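Chain by chain, the residues:
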Amino acid sequence: MKIFSRLPTLLWVLAIAQSAAAAPDGYVEGEVLVTFKAGLDTTEAAAALDKHALRFERRFDRISRRRGRVSGLVREEGATTAALIARLRKDSRIETVEPDYIRRVSSIPNDLDFAKLWGLRNTGQTLNGTRGTSGVDLRHTAAANLSRNDETEIVVGIIDTGVDIAHPDLASNIWINPLEIPGNGLDDDGNGLVDDVNGYDFALNDGNVSDSANHGTHVAGILAAVGENGIGVIGIDRGTKIVPLKVSYDGETMRSSAIIDAMNYALALKERGVNLVAINASYGGNSYSTSERNAIKSLSDAGIIVCAAAGNDGVDNDATPTYPASYNTPNIISVAALTQNNGLASFSNYGATSVDIAAPGVNIYSTLPLGETPSVASVTLGGSTYAATALDFSPTSGGVSGSVHDCGIGNPADFPSAVRGNIALIERGTLTFAEKVNHAIAAGATATIIYDNTGDALPSTSSWTLGGNGNWIPALQVTRTTGEALVARLPASGRLSIVQNTALAYQFLNGTSMATPYVAGAVALAARNFPGDSMTRRRARILDNATPVAAFAGKTVTGDRLDLLAIIDTDADGLPDWWEMEHFGTLAYHATDDSDGDGFSNLQEYISRTDPNLTGPLLALKSPVISLSSAGATSGRQLTLTFPTLAGAIYQIEWSATLADPSWQVLGSPVSGTGSEIEIIDPMDIALHPQRFYRLARIDR
């Protein structure tokens, strides 16, 4: 916990490095955040505002209840913020009144782009022209091997610009509200919000959490991208669920009132039993807000850690604080940015008493909203396929088929009646592209192909635009040569498609914004492995078990970088602490010990998921394990069992169809140990015997 005081001055926290010159925070004119003194209930507070001809625009009920003080947002059309503050400060019933400040965003798995994630495993690879230093990483792979693999739902809220919940590397890790029915326009769970199925947009007050830029989606991927799915990237804790708490309508700015509303929502989820353990706050500003600080303190009282970006101005937060990172509450972890060569990023803020820890924040590869991903387009006609490019703002389409009709340059009179329900081929010229497509829509066309009249250059991203979002039909750009070839083949049936290339739905970004979700993910990892920890113990587990870095000595509270392995294996003995405590009640035993004297080390027992306290010949009793094989199969597949062995030892595997009244039978011949793992295939077809239990006995003693 930080014990120093902090002054209310500013630093922006942006997605990329910014100027070190601080500027005053903006605020929403005509709005104030009001907190009444203790002892007034909501009715009395409303009556007090009514005497000023005012009312609550929003009330932060959960935060109010925890603090014992009614608080909320007050707005008056046509009034200035200064005038509202001056008027309300005279009311003896009001504890604080302050502006609604504007914050800004801070900008060996089989996952195909894992090699780009130097923060998880740094082998000295070169990324964006910079070669890293091998070993400067968070030891993610080793930590994953020692982590619990249970089905407990761990939830982290992301207060940001929104999240692309349809992204294939995020979709299955988006939190789902089990009490809300999607799309029915009703407040099914009675929390005052309609259709908060996956979270909520507190900027526009609806259930659409889609990203208003790309910041929140990038943050989400660092924290909780789906692992072992054969695509893209992987998050810190592969089972973490994320709640998008959208607070920005423009992708850059966010009001304090929306942020506090999002925190109030997170608190409500926690109080109803959702296992929400952390908030990621990759944003900031220089103005101290009592209301925001009180909201964060309420989260602390509920056991929720807030991971906050230190800022990207390259300055000392001890002298020039950034909020929320610099609030003195026991639940904040403030995060600086680490380079892939173990240094402090040139843009990163720091602070010997105000910034806690460092995490990777340079050349960070993560998810990009699908809407910003280049599409792949094509036209097929008469058995030939032609390259194409989608017009800017054209919708995607898995495929539109129909007869193709020559529609001149797209004037209303150029469209034959037969184009209705079919595809319009239009030459560039005179009209805007939006006018051409609108005329095609009016004629009943289902798609358009527009061909150039000047050249044959086909850009990967079209410079031709429809001008903005709308109810467009798919619209493609092709070259003059392609257009003339299509005209020559008419009349003919054709097909066009515009599909997003999801392999390109990723990007590199820099910033303490990117460093922060690594730490939020570490909170989730700690919660999964040590669910009984208090918030204070969980925070300490992260900060007390990290790797010292010379570049951060005197620059952060710990002087360390985040270390995921050390969080799980605090005594560095090769065994996860949670497993040792479950089996031994102490961390006094080590990986090389053989606690039960059965010839297997504790590490071998952990790998095999056997009981390290079980003496005698029975070493394992478990369901079918490891993998399936087609070796020796006649009609189906077989189970392959893998177990560690000692050189010279003799083993026998036995099986039973039930554990209720087991009848153990030998599986194959005795096996001689080699000192390494051995695989044994059960030749029985699992389609015929879907349930079999196995035990392993050492028979040479």
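Along every chain, residues carry numbers that run from 1 in the direction the sequence is written. Thresholds applied to this predicted model are a pLDDT of at least 70 for local features of residues and 80 or more for the giving and counting of side-chain atom pairs; totals over whole chains, interfaces and linings are not thresholded and use all residues. Hydrogens and water are ignored here; the side-chain numbers use all heavy atoms of the structure.

Caption draft 1: Structural view of the overall build of the chain. The numbering of helices and of strands both runs from the N terminus, where a helix is a DSSP run of H or I of at least 4 residues and a strand a run of E of at least 2. In terms of regular secondary structure, the chain is built from 14 helices and 33 strands. Each residue's exposure class comes from its accessible area (1.4 Å probe, protein chains only) as a fraction of the maximum for that residue type: buried when under 20%, exposed when over 50%, partly exposed otherwise. Out of the 701 residues in the chain, the part that is buried amounts to 55%. For the area figures, the Shrake-Rupley method with a 1.4 Å probe applies, and any residue is considered shielded solely by the protein chains shown. As presented, the chain carries roughly 27400 Å² of accessible surface, and 52% of it is formed by carbon and sulfur atoms.

Caption draft 2: Geometry of the pattern of salt bridges. Here, a salt bridge means any Lys or Arg side-chain nitrogen found within 4 Å of an Asp or Glu carboxyl oxygen. If you walk through the whole model with that rule in mind, you get 24 salt bridges. A salt bridge links Asp261 to Arg58, with the shortest nitrogen-to-oxygen separation between them at 3.3 Å. Overall, the relative accessible area of 15% leaves Arg58 in the buried class. The salt bridge partner of Asp61 is Arg59, with a shortest N-O separation of 2.8 Å. Connected through shared salt-bridge partners, Glu31, Arg55, Glu57, Arg75 and Arg255 make up one network.

Caption draft 3: Structural context of the packing of aromatic side chains. Here a Phe, Tyr or Trp ring, Trp counted by its six-membered ring, pairs with any other such ring whose centre lies within 6.5 Å, and the pair is stacked when the planes are under 30 degrees apart, edge-to-face when over 60, and tilted otherwise. One pass over the structure, following the stated rule, counts 13 aromatic pairs. Ring centres of Tyr288 and Tyr323 lie 5.4 Å apart, and the angle between their planes is 85°; on these two criteria the pair is classed as edge-to-face. Of this pair, Tyr288 sits in the loop between strand S12 (283–284) and helix H7 (290–301) while Tyr323 sits in the loop between strand S13 (305–309) and strand S14 (332–338), and the two are 35 residues apart along the sequence. Since its relative accessible area comes to 0%, Tyr323 is described here as buried. Geometrically, a lysine NZ or arginine CZ counts as sitting over a ring once it is within 6 Å of the ring centre and also within 35 degrees of the ring normal. Over the aromatic face of Phe530 sits the side chain of Arg541, whose NZ or CZ is 3.6 Å from the ring centroid.

Caption draft 4: Quick look at the nonpolar core. Ile333, Tyr518, Val519, Ile542, Leu562 and Leu564 are the most contacted members of the largest nonpolar core, which has 73 residues in total. Tallying contributions element by element places helix H10 (residues 512–529) first for this core, with eleven residues. Apart from the residues lying within four places of it in its own chain, the contact partners of Val519 are Cys307, Ile333, Val335, Ile357, Ala359 and Leu562. For the purposes of this section, nonpolar cores are sets of buried Ala, Val, Leu, Ile, Met, Phe, Trp, Tyr and Cys residues that join through side-chain atoms within 4.5 Å. Of all hydrophobic cores here, the second largest spans 40 residues; its members include Trp175, Phe202, Ala295 and Val306. Throughout, a residue-residue contact means that at least one pair of heavy atoms, one from each residue, lies within 4.5 Å.

Caption draft 5: How the structure looks around the packing of helix H5 (residues 215–224) against H10. To obtain an axis, a line is fitted to C-alpha atoms, over the contacting stretch when the element is a helix, and the angle between two such axes runs from 0 to 180 degrees between their N-to-C directions. It is the contact of H5 with H10, at a shortest axis distance of 8 Å, that shows an interaxial angle of 40°. In terms of their interaxial angle, H5 and H10 are classed as oblique. Note that H5 runs across H10; the crossing there is right-handed. Mapping the contact onto sequence places His215, His218, Val219, Ile222 and Leu223 in H5 and Ser513, Met514, Pro517, Tyr518, Ala520 and Gly521 in H10. An angle below 35 degrees is read as roughly parallel, one above 145 as roughly antiparallel, one from 65 to 115 as roughly perpendicular, and any other as oblique. What makes a crossing left-handed is the near helix being turned counterclockwise from the far one by less than a right angle; a clockwise turn instead makes it right-handed.

Caption draft 6: Summary view of unusual backbone geometry. In this structure, Pro324 follows Tyr323 across a cis peptide bond, with omega equal to 20°. Residue position: Pro324 is located in the loop between S13 and S14. With an omega of 0°, the peptide bond between Leu490 and Pro491 qualifies as cis. Secondary-structure assignment places Pro491 in the loop between helix H9 (480–489) and strand S23 (492–500). Of note in this structure, Asn342 is not a glycine but carries a positive phi near 70°. Of note in this structure, Asn363 is not a glycine but carries a positive phi near 55°. Among the structural elements, Asn363 can be located in the loop between strand S15 (357–360) and strand S16 (364–367).

Caption draft 7: Local environment of the sheet that holds strand S21 (residues 447–451). Taken in spatial order, the seven strands line up as S17-S18-S22-S21-S20-S19-S23 and close into a barrel, and their pairing is mixed. Within this sheet the neighbouring strands show an average axis-to-axis angle of 35°, counted without direction. At least two DSSP bridges between two strands are required for those strands to pair. With three bridges connecting them, strand S19 (residues 397–406) and strand S20 (residues 423–427) associate as parallel partners. Looking across to S20, one finds that Val404 is bridged to Ile423. Against the sheet, helix H8 (residues 433–442) makes contact with S20, S21 and strand S22 (475–478), and its axis sits at roughly 140° relative to S21, the strand it touches most. Its contacts with the sheet place H9 against strand S17 (375–381), strand S18 (384–390), S19, S20, S21, S22 and S23, and it is angled at close to 130° to S18.

Caption draft 8: Region of interest: the packing of helix H6 (residues 256–271) against H7. Direction vectors running N to C along H6 and H7 enclose 15°, while the axes themselves pass 10 Å from each other. The pairing of H6 with H7 is recorded here as roughly parallel in orientation. The element H6 and its partner H7 pack so that their crossing is left-handed. Together, Ile259, Ile260, Met263 and Leu267 of H6 and Ser291, Glu292, Ala295, Ile296, Ser298 and Leu299 of H7 make up the contact between the two elements.

Caption draft 9: Here's a closer look at H5. Counting buried positions along H5 yields ten of ten residues, so the element is predominantly enclosed. Every buried residue of H5 is listed here: His215, Gly216, Thr217, His218, Val219, Ala220, Gly221, Ile222, Leu223 and Ala224.

Caption draft 10: Fine view of the confidence of the model for the chain. Confidence of the predictor at the level of single residues is captured by pLDDT, which takes values from 0 to 100. Per-residue pLDDT for the chain averages 87, and the proportion of residues at 70 or more is 89%. Confidence drops under pLDDT 50 across residues 1–23; counting only partners more than four residues distant or on other chains, this segment forms 100 contacts. Contacts from residues 616–635, a stretch scored under 50 in pLDDT, to residues over four places away or in other chains number 52 contacts.

Caption draft 11: Structural context of the environment of Val209. Looking at the element boundaries, Val209 is found in the loop between strand S8 (200–201) and H5. For Val209, a relative accessible area of 3% gives the class buried. Between the alpha carbons of Val209 and Pro244 there is a distance of 6.3 Å; along the sequence they are 35 residues apart. Setting aside residues no more than four positions away along its own chain, Val209 makes contact with Gly162, Val163, Ile165, Gly199, Tyr200, Asp201, Pro244 and Lys246.

Caption draft 12: Here's a closer look at the environment of Ile260. Assignment of secondary structure puts Ile260 in helix H6. The exposure class assigned to Ile260 is buried, which follows from its relative accessible area of 1%. Taking the C-alpha atoms as reference points, Ile260 and Arg293, 33 residues apart in sequence, are found 9.3 Å from one another. In contact with Ile260, not counting residues within four places along its chain, are Leu33, Phe60, Ile63, Ser291, Glu292 and Ala295.

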